[in-house]
Amino acid sequence: LMILVLVTYLMSDIQKEVIDFSLAVSNLILLVSLLLLCGAPVATVAEVFEYDVLHALNNPLVVKNAQRHFGQQLLSHLHTLGWGFRFGQTVIDLRIIV
């Protein structure tokens, strides 16, 4: 929310002094970098699922043994779960953070 306030302030038609402008830009850079630093670990949760869990379960032995419980739907079931942190019904992953 603060990022939107700073961007709105910077794009407004109000006459700004150099110190106010530089302070707003530095705050904006600080907030964006803080968002990226906090967002990257959150996004790795979805990436761990995609690259570790799904790839570990995608082998013939596991799929054959899981057919008793899930039928032919084990991998599609796991994929539709969409593990990870969500914001606005969107899974936060590295594609969104970067």
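Residues numbered from 1 in each chain as written. Predicted model: local features only at pLDDT ≥ 70, side-chain atom pairs only at ≥ 80, totals over all residues. Heavy atoms only, no water.

Our next topic: the overall build of the chain. The helix and strand inventory of the chain stands at five helices and two strands. Counting from the amino terminus, the chain carries its helices and strands in the arrangement α-α-α-α-β-β-α. The buried share among the 98 residues of the chain stands at 16%. Taking contacts inside the chain between residues at least 6 apart in sequence as the whole, the part at least 24 apart equals 52%. Summing over all exposed atoms, the chain offers an accessible surface of approximately 7700 Å²; the carbon and sulfur share of this is 69%. (Helix = DSSP H or I, 4+ residues; strand = E, 2+ residues; numbered from the N terminus. Buried < 20%, exposed > 50% of the residue type's maximum accessible area, 1.4 Å probe, protein only. Contact = heavy atoms within 4.5 Å. Areas by Shrake-Rupley, 256 points an atom, 1.4 Å probe, with all protein chains shown as cover.)

Along the polypeptide, Ile 29 turns up in helix 2 (residues 18-57). The exposed category is assigned to Ile 29, whose relative accessible area is 56%.

Let us look at a nonpolar patch on the surface. On the surface, Leu 1, Met 2, Leu 4 and Val 5 cluster together to form a nonpolar patch covering roughly 470 Å² of accessible area. Of note, Met 2 is situated in helix 1 (residues 2-11). (Patch = residues over 30% accessible without salt bridge, like charges linked within 9 Å, V, L, I, M, F, W, Y side chains within 5 Å. Salt bridge = Lys/Arg side-chain N within 4 Å of Asp/Glu carboxyl O.)

Its location among the elements puts Ser 22 in helix 2. For Ser 22, a relative accessible area of 36% translates into the label partly exposed. Taking the C-alpha atoms as reference points, Ser 22 and Leu 10, separated by twelve residues in sequence, lie 9.9 Å from one another.

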